[in-house]
Amino acid sequence: MPLLNKTTPGASGATSPALTRLRAALTLFFALDGFVFAGWVVRIPAIKEQTGASASTLGLALLGVSAGAVITMTLTGRLCSRFGSRQVTVVCGVLLPLSVALPPLTHSALALGLVLLLFGAAYGGINVAMNSAAVDLVRALRRPVMPSFHAAFSLGGMLGAGLGGLVAGQLSPTRHLLALTVIGLLLTAVTAPTLLRYEVPPVPGAHDAADTGASGGSGDTGAAGRHDVPARAARRTRGLVLIFGLVALCTAYGEGALADWGALHLEQDLDAHPGIAAAGYSCFAFAMTIGRLSGTTLLERLGRTRTVVGGGLLATAGMLLGALAPSVGVALVGFAVTGLGLANIFPVAVERAGALAGPGGVATASTLGYGGMLLGPPAIGFMADWFSLPVALTSVALLAAVAAGIGAATGRTPMPGERAAESKARRPARTPVR
């Protein structure tokens, strides 16, 4: 972005405060998302009892959240391209808190699943829109600050889960989630004007890799090369976006599993008090917040590959501990270690997909990522009925290990933009030869 990198004082002074305000406003929307979602999560045991659902039936009902999210994510990517990511973020910032008040009004698993479709649609929409806006802002800032936005989500989740634990024995789910609706709408009303007021300056060459895949390759290729190179580049870009989406899937599966089943595991298998059980997700969210707050520093010092591989291995060990622990305290430690490990994998995957293909890349990676949440609730529910809930939760460790393996493999593969840069760097040595 030229205006931020020129040495002209006026240009720098004109743009930096605007980007700072945009970053603050967008951070609050990420926090709102985590706060509302965690508030719903900690009331799942109470709503399970209210609906009289079994573990497998509850898993199918919880499928509504992920199904609603996945269904709307591709559409949201298109809406972001047409109307703007920030505008769509504000609309979803209204729909999400409104929809969270619906689950405690149901009294059957079927009705719960239907209203969770609406909640999931709003949740999926705001995630694609926020992440698309964040990718643009990260590109403009020219620093790997994507984990800081997801840290706000985790901090909101920690606060939402902590508050839920405090009020679980005092407020009914209906009153609790209605309070979240009021808080969410107020925060959106306060933050939306800032998010809509300022524009993110375009960055020349921001989509070089995607543009190469769409409209051109090296200028010194032959006629056949001019047709083949763009096609190969486009296929490679799509392939990389899908790979990043698969990494997101593995980690979102883990987040969704702990969100949907963590409290129930502590309460049902380890005889934890409902308030302590609710604190399980809070420990996970707190550790993830710490990991993401340090994410920019880790990425700058270690790079993406080491951050992803190390995080995946750490999450594998943590989830094995959390799922198979003999006591509540050890399980909480395992949840915390899992949060540290998973902290920066999803943000890196989504940021790379968005850098390659814009809002469409974010939508694709997010759709695959939340496909992990689509797969997780029913899979863990059925595995819990067939075996046990602790055994079912070890699948989180398995997929974290898969994410680490993919991270190690893709770390040796240069991005399309990197190859293009290498080609341009070599081109002056060849052009004098006619």
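These remarks concern the structure in this document. (Residues numbered from 1 in each chain as written. Predicted model: local features only at pLDDT ≥ 70, side-chain atom pairs only at ≥ 80, totals over all residues. Heavy atoms only, no water.)

**Here's the deal with the overall build of the protein chain**
Then, in step 1: Looking only at helices and strands, the protein chain has 16 helices and zero strands in total.
Then, in step 2: Across the 434 residues of the protein chain, 55% fall into the buried class.
Then, in step 3: At a minimum sequence separation of 6, the contacts of the protein chain that also span at least 24 residues come to 85%.
Then, in step 4: Roughly 17,600 Å² of accessible area belongs to the protein chain as shown, and the carbon and sulfur atoms make up 66% of that amount. (Helix = DSSP H or I, 4+ residues; strand = E, 2+ residues; numbered from the N terminus. Buried < 20%, exposed > 50% of the residue type's maximum accessible area, 1.4 Å probe, protein only. Contact = heavy atoms within 4.5 Å. Areas by Shrake-Rupley, 256 points an atom, 1.4 Å probe, with all protein chains shown as cover.)

**Quick notes on the pattern of salt bridges**
Then, in step 1: Tallying each qualifying case throughout the model produces five salt bridges.
Then, in step 2: For Asp136, the salt bridge is made with Arg139, and the minimal N-O distance between the two is 3.2 Å. Placement of both Asp136 and Arg139 in helix α6 (residues 109-141) is noted, with a separation of three residues, approximately one turn of the helix.
Then, in step 3: The network of salt bridges with common partners includes Arg304, Glu351 and Arg352. (Salt bridge = Lys/Arg side-chain N within 4 Å of Asp/Glu carboxyl O.)

**What about the packing of aromatic side chains?**
To describe a pair of aromatic rings, you give the distance between the ring centres and the angle between the ring planes.
Then, in step 1: Applying the stated criterion to the full structure yields six aromatic pairs.
Then, in step 2: With 6.4 Å between their ring centres and 0° between their planes, Phe37 and Phe119 make a pair best called stacked. Residue Phe37 is located in helix α2 (residues 9-41), and its partner Phe119 is located in helix α6; the two are separated by 82 residues in the primary sequence.
Then, in step 3: Taking relative accessible area as the criterion, Phe37 reaches 4% and is therefore assigned buried. (Phe/Tyr/Trp six-rings, centres within 6.5 Å; stacked < 30°, edge-to-face > 60°.)

**What about helix α7 (residues 146-167)?**
In an α-helix, one full turn covers 3.6 residues, which means residues spaced three or four apart are oriented alike.
Then, in step 1: An ideal rise of 1.5 Å per residue puts 32 Å on 22 residues; α7 measures up with 32 Å between its terminal C-alpha atoms.
Then, in step 2: The element α7 is extensively covered by neighbouring structure, given that 16 of its 22 residues are classed as buried. (Expected span 1.5 Å × (residues − 1).)

**Re empty space enclosed by the protein**
Then, in step 1: One pass over the full model with this rule turns up four cavities of 30 Å³ or more.
Then, in step 2: Its boundaries defined by the atoms lining it, the largest cavity holds a volume of some 100 Å³.
Then, in step 3: Looking at the largest cavity, it is lined by 11 residues, and the ones nearest its centre are His150, Phe153, Glu255, Phe346 and Tyr370.
Then, in step 4: For the lining of the largest cavity, the elements supplying multiple residues, two or more each, are α6, α7, α10 (223-269) and α14 (345-386).
Then, in step 5: Looking at which element gives the most residues to the lining of the largest cavity, the answer is α14, with three residues.
Then, in step 6: Here the lining of the largest cavity is built from residues that sort into seven nonpolar, two polar and two charged. (1 Å grid on protein atoms, 1.4 Å probe; cavity = no way out; pocket = protein on both sides within 12 Å on 5 of 7 lines; lining within 4 Å. Points joined across faces, edges and corners; volume = space filled by probe spheres on them. Nonpolar A, V, L, I, M, F, W, Y, C, P; charged D, E, K, R; others polar.)

**Brief notes about the packing of helix α12 (residues 295-324) against helix α13 (residues 328-342)**
Then, in step 1: It is the contact of α12 with α13, at a shortest axis distance of 7 Å, that shows an interaxial angle of 165°. In terms of axis orientation, α12 runs roughly antiparallel to α13. Once α12 is placed against α13, the crossing between them reads as left-handed. The residues of α13 that touch α12, namely those facing Gly311, Gly312, Leu314, Ala315, Gly318, Met319, Leu321 and Gly322, are Val330, Ala331, Val333, Gly334, Phe335, Val337, Thr338, Leu340, Gly341 and Leu342.
Then, in step 2: For the contact of α12 with α13, a count of residues per class yields 11 nonpolar, seven polar and no charged. (Axes fitted to C-alpha atoms, helices over the stretch in contact; angles between N-to-C directions. Parallel < 35°, antiparallel > 145°, perpendicular 65-115°, else oblique. Left-handed = near helix turned anticlockwise from the far one by under 90°.)

**What to know about the side chain of Ser99**
Then, in step 1: Mapped onto the secondary structure, Ser99 falls in helix α5 (residues 85-99).
Then, in step 2: In this structure the side chain of Ser99 is engaged in a polar contact, spanning 2.9 Å, whose partner is the backbone oxygen of Leu96.
Then, in step 3: The contact partners of Ser99, leaving out residues within four places of it in the chain, are Leu118, Phe119 and Ala122. (Polar contact = N/O pair within 3.5 Å; in protein donor to acceptor, adjacent residues only side chain to side chain.)

**Topic: the nonpolar core**
Then, in step 1: Membership of the largest hydrophobic core comes to 118 residues, with the highest contact counts inside it found for Phe37, Trp40, Phe119, Phe149 and Tyr281.
Then, in step 2: Looking at this core element by element, the count peaks at 17 residues for α6.
Then, in step 3: Apart from the residues within four sequence positions on either side, Trp40 is in contact with Ile47, Leu62, Val65, Val100, Pro103, Leu112, Leu116, Phe119, Leu177 and Leu180. (Core = buried A, V, L, I, M, F, W, Y, C linked by side-chain atoms within 4.5 Å.)

**Examining a nonpolar patch on the surface**
Then, in step 1: On the surface, a cluster of nonpolar side chains totalling about 550 Å² of accessible area is made up of Leu60, Phe382, Trp386, Phe387 and Val391.
Then, in step 2: By the secondary structure assignment, Phe382 is in helix α14.
Then, in step 3: The exposure class assigned to Phe382 is partly exposed, which follows from its relative accessible area of 30%. (Patch = residues over 30% accessible without salt bridge, like charges linked within 9 Å, V, L, I, M, F, W, Y side chains within 5 Å.)

**Thoughts on the side chain of Thr188**
Then, in step 1: Here Thr188 lies in helix α8 (residues 173-197).
Then, in step 2: We classify Thr188 as buried; its relative accessible area is 3%.
Then, in step 3: Leave out the neighbours within four places in its chain, and Thr188 touches Phe29, Leu32, Val90, Gly93, Val94 and Pro193.

**Thoughts on the environment of Arg352**
Then, in step 1: Mapped onto the elements, Arg352 comes out in helix α14.
Then, in step 2: Overall, the relative accessible area of 13% leaves Arg352 in the buried class.
Then, in step 3: Along the chain, Arg352 and Val362 lie 10 residues apart, while their C-alpha atoms are 8.6 Å from each other.

**Considerations on the environment of Trp386**
Then, in step 1: Turning to its location among the elements, Trp386 is positioned in helix α14.
Then, in step 2: Trp386 gets classed as exposed once you look at its relative accessible area, which sits at 61%.
Then, in step 3: Put simply, Trp386 and Ser56 are 330 residues apart on the chain and 9.7 Å apart in space, counted from C-alpha to C-alpha.

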